[in-house]
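Structure at a glance
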There are 2 protein chains.
Amino acid sequence: MRTRDLFERHRLRCTCQRLALYEALKASTNHPTAEELYRVVKPQAGRLSLATVYNTLEALCKVGLARKMPTTNGSCRYDADTNEHSHVRLRETGEIRDLPAELSERLVRELPRHIIAEIEQRLGVKVYGAKVQLLARWANRSD
Amino acid sequence: MRTRDLFERHRLRCTCQRLALYEALKASTNHPTAEELYRVVKPQAGRLSLATVYNTLEALCKVGLARKMPTTNGSCRYDADTNEHSHVRLRETGEIRDLPAELSERLVRELPRHIIAEIEQRLGVKVYGAKVQLLARWANRSD
DNA sequence: GTACGTGCAAAATGTTTGCATCATT
DNA sequence: AATGATGCAAACATTTTGCACGTAC
């Protein structure tokens, strides 16, 4: 679906800043911070301020087109993908990397069934999905 | 174990500020922010500054006696519990429930090893922890 | 034309730092 | 005595806000 239509459906004004920001967010593989998004989009968009990036991201989150994810080190990260996926969080940088789709799927699919069943029973819920966050550090460095 | 011994084991100086902060963190049921902890401990501790709270929390995190958890709204929260825990998110309400510690541990411990290994190799990282978010709905209701 | 979005700069918030002093080992 | 922690205030980083102007509907 075209971004314009998507925006209209959610009653969002189609300003060039918002369109550009959303496109950039969708295109990015890592989960950018507001600042990173600003640096990427600014050159193309001409007039753009950081405040607009924050406003836009908040508007997108409010209608569910983006998600805000907290980090332990300062800035929040954003993500345009609407379906849940697993990721790795790097300890040193706070950076979040998506797992390759195939690995992500396998990881979730192979979660231990019997434990899930026990959780369902004990909490009285039906689990329909899962997301794994792996905590990692770089393998080759030692900081 | 007495806090003093715990600190000595981790090569942390036993200052009254640190001892009081750690005790307060351990005693708290919700996960306090640095600011909240400061307000609670200050009256007892006499001399105490917010900077010391941050320093202390960082020191505690470094040796694994506390954990820093990000939030989407500004300040980080801290927790004296040393192990990451998984949770269930309810689809309808957005509510997040911690898994019982024992189930949480088993779930993480039994994550498929070979997939983790493959992820480590492909991304060049060393995974040292994990956290699972299960997405669920109520088993008996249909809202 | 109106309602809402934008840019800018300034404020608010949360966290870190530099440095002189003080306490623990 | 030496090492490291503390308090204070100032610096820093991230995010939010107020307001005049501009743009999509």
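Everything below is about the structure printed above this text.
Some thoughts on helix 3 (residues 34–45) of chain B
Residue and element names in this part refer to chain B. Those residues of helix 3 that sit buried are Ala34, Leu37, Tyr38, Val41 and Ala45. Down the axis of helix 3, the smallest arc covering the buried residues is 100 degrees, so these residues share one side. Away from its buried face, by an angle of more than 90 degrees, helix 3 presents the exposed residues Arg39 and Pro43. Buried residues along helix 3 sit against helix 2 (16–27), helix 4 (50–62) and strand 2 (77–79). Just downstream of helix 3, Gly46 is the residue with a positive phi angle, here 70 degrees.

Looking at the protein's contact with DNA strand C
The environment of DNA strand C is formed by 16 residues, the closest being Thr15, Arg47, Leu48 and Thr52 of chain A together with Tyr54 of chain B. Sugar plus phosphate: this is where 80% of the atoms of DNA strand C within 4 Å of the protein reside. Contact between DNA strand C and Thr15 of chain A: a phosphate oxygen at 2.7 Å from a side-chain N or O atom of the residue. Contact between DNA strand C and Tyr54 of chain B: a phosphate oxygen at 2.4 Å from a side-chain N or O atom of the residue. Elements represented by at least two residues in the surface near DNA strand C include exactly helix 2 (16–27) and helix 4 (50–63) of chain A together with helix 4 of chain B. Here the residues of the surface near DNA strand C sort into six nonpolar, six polar and four charged.

Focus: the protein's contact with DNA strand D
Looking at DNA strand D, there are 16 residues lining it, with Tyr54 of chain A together with Arg13, Arg47, Leu48 and Thr52 of chain B nearest. Near the protein, meaning within 4 Å, the atoms of DNA strand D are sugar or phosphate in a fraction of 84%, with bases accounting for the rest. Within the backbone of Cys76 of chain A, one N or O atom sits 2.7 Å away from a phosphate oxygen of DNA strand D. One of the side-chain nitrogen or oxygen atoms of Arg13 of chain B is found 2.6 Å away from a base oxygen of DNA strand D. Those elements that provide at least two residues to the surface near DNA strand D are helix 4 of chain A together with helix 2 and helix 4 of chain B. Sorting elements by how many residues they give to the surface near DNA strand D places helix 4 of chain B first, with three residues. Among the residues making up the surface near DNA strand D, the classes are represented as six nonpolar, six polar and four charged.

Calculation notes
Residues numbered from 1 in each chain as written. Chains lettered and ligands numbered in written order. Predicted model: local features only at pLDDT ≥ 70, side-chain atom pairs only at ≥ 80, totals over all residues. Heavy atoms only, no water. Buried < 20%, exposed > 50% of the residue type's maximum accessible area, 1.4 Å probe, protein only. Helix = DSSP H or I, 4+ residues; strand = E, 2+ residues; numbered from the N terminus. Arc of directions from axis to C-beta. Contact = heavy atoms within 4.5 Å. Near = heavy atom within 4 Å. Polar contact = N/O pair within 3.5 Å; in protein donor to acceptor, adjacent residues only side chain to side chain. Nonpolar A, V, L, I, M, F, W, Y, C, P; charged D, E, K, R; others polar.

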